[in-house]
Amino acid sequence: MDLNENIIFPAPLSPGDKIAIVSPAGAVDEYKVTGAAAELRGQGWEPVIYPHALGRNGQFSGTAQERLADITAAFRDPEIKAILCSRGGYGVVHLLDELDDLDLRGNPKWVIGFSDISALHGLMASQGVASIHAPMASQIMKGTKDPD
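A quick note: this is a predicted structure, and the numbers were derived from the prediction, not measured.

A. Quick look at the nonpolar core. If you look at the biggest cluster of nonpolar residues, it comprises 24 residues, and the most contacted ones within it are Val22, Phe75, Leu99 and Leu120. Among the elements of the structure, strand E1 (18-22), helix H2 (64-76), strand E3 (80-85) and helix H4 (118-126) are those that each provide at least two residues to this core. Looking at this core, the element that brings in the most residues is H2, giving four residues. The residues contacting Leu120, other than those within four sequence positions of it, are Pro24, Ile71, Cys85, Val92, Leu96, Leu99 and Val111. Ranked by size, the runner-up nonpolar core spans 14 residues in total, among them Ile19, Val33, Ile112 and Ala137.

B. Spotlight on the side chain of Arg67. By secondary structure assignment, the location of Arg67 is in helix H2. Every residue in contact with Arg67, bar those within four places of it in the chain, is listed here: Ser23, Pro24, Ala25, Phe60, Ser61, Gly62, Gly91, Val92, His94 and Leu95.

C. Fine view of the side chain of Thr72. By secondary structure assignment, the location of Thr72 is in helix H2. Here Thr72 is in contact with Leu99 and Leu102, once residues within four sequence places are set aside.

D. Fine view of the packing of aromatic side chains. This structure, assessed with the given rule, holds one aromatic pair. Here the aromatic rings of Phe60 and Tyr90 are separated by 6.3 Å at their centres, their planes lie at 45°, and the arrangement is tilted. Remark: Tyr90 occurs in the loop between E3 and helix H3 (96-99) and Phe60 occurs in the loop between strand E2 (46-49) and H2; sequence separation between them is 30 residues. The buried category is assigned to Phe60, whose relative accessible area is 15%. According to the relative accessible area criterion, Tyr90 is partly exposed, its value standing at 48%. Just above the ring of Phe60 sits the side chain of Arg67; from NZ or CZ to the centre is 4.6 Å.

E. Seen up close, helix H1 (residues 30-42). Its 13 residues place the ends of H1 18 Å apart at the C-alpha level, agreeing with the 18 Å of an ideal helix rising 1.5 Å per residue. Buried residues of H1: Lys32, Val33, Gly35, Ala36, Ala37 and Leu40, and no others. In the core, the buried residues of H1 are packed alongside E1, E2, E3 and helix H5 (137-140).

F. Expanded view of the environment of His121. Considering the arrangement of structural elements, one finds His121 in helix H4. Taking the C-alpha atoms as reference points, His121 and Trp110, separated by 11 residues in sequence, lie 9.9 Å from one another. Setting aside residues no more than four positions away along its own chain, His121 makes contact with Val111, Gly113, Phe114, Ser131, Ile132 and His133. Within polar-contact distance, the side chain of His121 engages the backbone oxygen of Gly113 at 2.8 Å. Polar side-chain contacts of His121 include one of 3.4 Å to the backbone oxygen of Ile132.

G. Quick peek at H2. Here H2 contains 13 residues, and its C-alpha end-to-end distance of 18 Å stays within 8% of the 18 Å for a straight helix at 1.5 Å per residue. Along H2, the positions that sit buried rather than exposed are Arg67, Leu68, Asp70, Ile71, Thr72, Ala74 and Phe75. Close packing links the buried residues of H2 with E1, E3, H3, strand E4 (110-113) and H4.

Scoring rules and cut-offs
Sequence order as written defines the numbering, with residues in each chain counted from 1. This being a predicted model, a pLDDT of at least 70 is required before a residue's local features are given, and a value of 80 or more before pairs of side-chain atoms are given or counted; all residues contribute to the totals for chains, interfaces and linings. As a rule here, side-chain values cover all heavy atoms of the structure and leave hydrogens and water aside. For this analysis, a nonpolar core means a set of buried residues of the types Ala, Val, Leu, Ile, Met, Phe, Trp, Tyr and Cys, connected via side-chain atoms within 4.5 Å. A 1.4 Å probe rolled over the protein chains alone gives each residue an accessible area, and that area as a share of the maximum for its type sets the label: buried under 20%, exposed over 50%, partly exposed in between. To qualify as a helix, a DSSP run of H or I must reach at least 4 residues; to qualify as a strand, a run of E must reach at least 2; elements of each kind are numbered from the N terminus. Whether two residues touch is decided by their heavy atoms; if any such pair falls within 4.5 Å, the residues are in contact. Aromatic rings from Phe, Tyr and Trp, with only the six-membered ring used for Trp, were paired whenever their centres fell within 6.5 Å, and each pair was classed as stacked if the ring planes differed by under 30 degrees, edge-to-face if by over 60, and tilted otherwise. Two thresholds decide whether a charge sits over a ring: the Lys NZ or Arg CZ must be within 6 Å of the ring centre and within 35 degrees of the ring normal. In a helix, the anticipated span is given by 1.5 Å times the number of residues less one. Distance and chemistry together define a polar contact, namely a pair of N or O atoms within 3.5 Å, with one atom able to donate a hydrogen and the other to accept it when in protein, and with adjacent residues in sequence counting only for side-chain atoms on both sides.

Listed below in structure tokens is the structure:
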């Protein structure tokens, strides 16, 4: 049996596709998110910065409910083709139980990130959807060497 036979791979990104930028974990500096959005735009995609991606609630980008609302909206929006996390840091684990109830296979999207975002990769894998362990918004802005 081929281990990949039941894995769904989201569609490849095409010019003009919408990419959500969310912050499901730690707070991030605004210039990193807006810089990443500019980079994405320059590559032909349409970045969509979600409402709480630039928020702050202690060390997090928002309350658990705010962070959950953003990522849930991104997963449910049929126009969003990929979800780029702004950064890692502790916090995604607070959202996993609620996110596990979503149908991630019905409209699969690329989830992109690393660090604490690996918890989302685990969720995606548990539902048989491929995701991408890769740099996040805080790293893709030109000249940024931020390790988180």
